Amino acid sequence: MYEQISRFSLYTIHQIAQIISAKVIGNSQATIQHLLIDSRQLMEPSSVLFIALVSNRNDAHQYIPQLIQRGVQSFIVNSIPVECENNHDICFLVVPDTIQALQKLATYHRSQFQVPVIGITGSNGKTIVKEWLYQLLKSDYHIIRSPKSYNSQIGVPLSVWQINSQHNLAIFEAGISQIGEMENLERIIQPSIGVFTSLGSAHNEGFDDLNKKLNEKLLLFKHCQTIIVNALSLDKTLYQHVPSSAFVISRDKEATLQIINIHSESLSTSIQANYQNQVVKIEVPFTDSASVENIITCWAVLLHLNISNSEINLRLQKLSPVAMRLELKLGINNCVLINDFYNSDVNALEIALHHLKQQHRGGKKIVILSDIEQSGKTKEVLYQHVAKLLQHFKIDVLIGVGKDIGSQKQWFKLTSFFFDNTPQFISKYQAIADLQFKDAIILLKGARSFEFESISKLLQQKSHDTVLEINLNHLIHNINYYRSKLLKDTMIMCMVKATGYGSGSTEIAFTLQHHRVDYLAVAYTDEGVELRRAGIHLPIMVMSPEESSYDDMIAYNLEPEIYSFKVAQEFIQALQNRAITNCYPIHIKLDTGMHRLGFEQNQITELCQFLQSQPSVYVKSVFSHLAGSDDSSLDDFTHQQIEKFKLMSQQIEQSLNYKIIKHICNSSAITRFPEAQFNMVRLGIGMYGIGFNNADKSQLQNISSLKTRISQIKNLNINETVGYSRKGQLYKESRIATIPIGYADGFSRQLGNGNAAVYINQQACRTIGNICMDMCMIDVTSISCQEGDEVIIFNQAEHIFKLAEAMGTIPYEVLTSISTRVKRVYLQE
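### A short note on the packing of helix 3 (residues 98-111) against helix 6 (residues 182-189)
Then, number 1: Put simply, helix 3 and helix 6 touch, their axes get as near as 7 Å, and they point 35 degrees apart. In contact with Gln103, Ala106, Thr107 and Arg110 of helix 3, helix 6 contributes Asn184, Arg187, Ile188 and Ile189.
Then, number 2: The residue makeup of the contact of helix 3 with helix 6, split by class, is 3 nonpolar, 3 polar and 2 charged.

### Section: helix 9 (residues 309-317)
Then, number 1: Turning to helix 9, its buried residues number three or more, namely Asn309, Ile312, Arg315 and Leu316. Here the buried residues of helix 9 occupy an arc of 115 degrees about the axis, which is enough to place them on one side. Along helix 9, exposed side chains directed more than 90 degrees from the buried face belong to Ser310 and Leu314.
Then, number 2: Against the buried residues of helix 9 lie helix 4 (126-137), strand 17 (278-284) and helix 8 (289-304).

### What to know about the nonpolar core
Then, number 1: Counting 109 residues, the largest nonpolar core has Leu512, Leu520, Ile588, Ile652, Ile793 and Phe794 as the members making the most contacts within it.
Then, number 2: Tallying contributions element by element places helix 21 (residues 565-577) first for this core, with 7 residues.
Then, number 3: For Ile793, the residues in contact, after removing those within four places along its chain, are Leu706, Thr708, Ile739, Ile741, Phe747, Ala757, Val758, Tyr759, His799 and Leu803.
Then, number 4: Counting 38 residues, the second largest nonpolar core, distinct from the first, contains Ile228, Ile271, Ile296 and Leu302.

### Here's the deal with the sheet that holds strand 14 (residues 247-250)
Then, number 1: Pairing within the open sheet is mixed, and its 9 strands lie in the order 10-11-9-12-13-14-15-16-17. Two strands in the sheet have a free side with no partner beyond their single neighbour: strand 10 (143-145) and strand 17. Strand after strand, the sheet turns through a mean of 20 degrees between neighbouring axes, direction not considered.

### Examining the side chain of Asn693
Then, number 1: Mapping Asn693 onto the fold places it in the loop between strand 32 (680-683) and helix 25 (694-699).
Then, number 2: Look at Asn693 and you get buried, because its relative accessible area is 16%.
Then, number 3: Within the structure, the side chain of Asn693 is placed 3.2 Å from the backbone nitrogen of Ala695, a separation counted as a polar contact.
Then, number 4: Look past the residues within four positions of Asn693 in its chain and what remains in contact with it is Thr671 and Arg672.

### A short note on the sheet that holds strand 29 (residues 584-589)
Then, number 1: Taken together, the 8 strands give an open sheet; going across it, the order is 31-30-29-28-27-26-25-32, and neighbouring strands pair in parallel fashion. Edge positions in the sheet fall to strand 31 (661-663) and strand 32, since each has one partner strand and no second. Going from strand to strand, the sheet's axes swing by 30 degrees on average, the running direction of each strand aside.
Then, number 2: Pairing between strand 26 (residues 519-522) and strand 27 (residues 540-542): 3 bridges, direction parallel. Bridging across to strand 27, Ala521 finds its partner in Met541.
Then, number 3: Most of the contacts of helix 21 go to strand 28 (residues 559-562), to which it runs at about 155 degrees, and overall it touches strand 28, strand 29 and strand 30 (617-623).

Each value, and the rule that gives it
All chains use their own residue numbering, which begins from 1 and follows the written sequence. The model is predicted, so local features are restricted to residues of pLDDT at least 70 and side-chain atom pairs to those at 80 or more, both for listing and for counting; the totals for chains, interfaces and linings are taken over all residues. With hydrogens and water stripped out, all remaining heavy atoms of the structure feed into the side-chain values. Axis angles are defined between N-to-C directions and span 0 to 180 degrees, where every axis is a line fitted to C-alpha atoms and, for a helix, only to the segment in contact. Starting at the N terminus, helices and strands are each numbered in turn, a helix being any DSSP run of H or I of at least four residues and a strand any DSSP run of E of at least two. Contact criterion: two residues are considered in contact whenever any of their non-hydrogen atoms come within 4.5 Å of each other. The classification used treats Ala, Val, Leu, Ile, Met, Phe, Trp, Tyr, Cys and Pro as nonpolar, Asp, Glu, Lys and Arg as charged, and all other residues, Gly among them, as polar. Each residue's exposure class comes from its accessible area (1.4 Å probe, protein chains only) as a fraction of the maximum for that residue type: buried when under 20%, exposed when over 50%, partly exposed otherwise. Each C-beta atom gives one direction from the helix axis, and the arc is the one those directions make. Put simply, buried Ala, Val, Leu, Ile, Met, Phe, Trp, Tyr and Cys residues joined by side-chain atoms within 4.5 Å make one nonpolar core. Think of it this way: DSSP has to see at least two bridges between two strands before they count as a pair. Here a polar contact means two N or O atoms within 3.5 Å. Within protein one must be a hydrogen donor candidate and the other an acceptor candidate, and residues neighboring in sequence count only if both atoms are side-chain atoms.

Here's what the structure looks like:
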């Protein structure tokens, strides 16, 4: 979630203090535009108000000193941190309860806009209905809606804060887990149209019975002009709680929208109903029962809004699925993994099983399932239902993790294994893996408390005698070397694309984050997503954005490189689709002479006009690439590029009327062209220990060592041959060693037949014969060695340069070609 929520309106500190009844301490001159609850998402410190929320797991007051250092000046707190008490430049708004303060502020903000608001609640389907209503109504309205599943006591006010004067319809969802919560959300949302999706068992533990749960949810609608209730799954004994004036969906004749027939085929479902004494019909591209019920809810809303049924049908045909919270990954032994750690309710399990069915590629179907928490059902009823689901989807193997599911093992008639907890399963994993985890599709469905991430990691493990060792101390040394060459206040963006130049992006990124670099950059969205999922919170620029990945990019707060009007327009559309309407950070790429990607000089005026008209994006930086900063013969051209960049970036900054980051220096340019450091540099291969001038080479430390071991040694006679096509001719009696590294590992075929050497006991051993896919042969005739001895492919920058020369390429390719099947090992003193 883009948690620095933006809006067009501005509030002064004194206005906010009055709204939330706060005591003002310190400098109160700031004007607030953004709310921030997550210190990792800071964008605009000068106009942000950080709300220090306190929960059982975390107290955000601990992040205040760091945020002050990063430029934040305004805070809502329930107490001032001791180390900040004498900082009179900072403004503290002191309140008894920071969550209540957030809610009061959002409530006031909502009251400033007289727009129709659709408020959605129910046990299931809130987010789906909200997203589908957006898809169906966006052609008629300028809509603001809750981002993702922001429906909690914190999520709702952050959602409402986004309303601005351009919106003419709002769609917000509200979720509760106990009595007393909905009144807060009703005051904040103030819906005019209420939508009730369903009543189910989720969070039953917070309510004495379904009657009280339904009554609590219906409090969202107490001031609504219209209430739309999907009662298809509602027990008739609960009808008395539904207001008599409500628009009711059910199979009863008295219903406003009476469902007559639902017929599903392989790819679509037709639904027939009676509405205003006429038979109406829709056909939708979904077949699962949950989707069909949610679509019926949306159908009712559109009918209420007086959209013709023929038009509704046309729009429903274009309805696209809302992204599932599932991960599909390749696993061990040719398995496919479906990871779903988001929740563990029965409805989500059914959806995940549908996904498994769609992705099934032959072989066994295995489900690893934890206890299902907060179902509201007895264990017997719950796990009987789960057993029926697994039977329906023809699951071959169940692995149950948790004492509850284990206590109900009698209901499961398939091959089953049960463990009390995740560590117990992991300790006995190997015996099951050898029997079951081959050519299978595996669904991991677990409540977050069971930490199935460790199981997922286990199932993805790869084993290979060839390893790449990465020395993190050398990495730190290299960063500090380049820092010593930077001008004051110059930031560092570190390149971790291509799996960290082959070194492993996640581990490298954690080290960079710990040592407080300013930015990371990746090539593709999935690289950034991997870093976010691992816990990296630094800003991340994506240098090769693709339209198909924009949803993930936005969901994980990744920042795209924008290099053309086409890319800009596509990304802005993606922002609108996800209800992001203000200040999403982007990076503008300029073409100053490399002629690969970027806006050219004759497009800058048009670009400035375009950016001025797009409030949904905020230009975080402009940058360009130097074509030959490591080549002194191209210095004149490099200076031309720098001057062109200076002019183009200045024009953009002046037109936008706010400061932007500028960067053009790569590793070589940092030391060779210090005048071009501007306010940020991009550190790439230099960070990994490869320099291109004598000054850098003498100071940098190579961080990676590619190693393997001798598999076998043969004593061969004269005139024998080695390898495919008999290319390795022996002209004397020889000792030939086979080592387990080949072109599938990144050891190029061009290195065969004596074109390159590896090192045993610090002595060079040349290759002989062609390089094979998984191994190669080396001549060890004059070397004292034995099977199992270590073989160094490279452990010095000089080795990497020699391999690059033999391959007819550059060191970048040597490093980035190392296959992911080569295990990475990280060393740090």
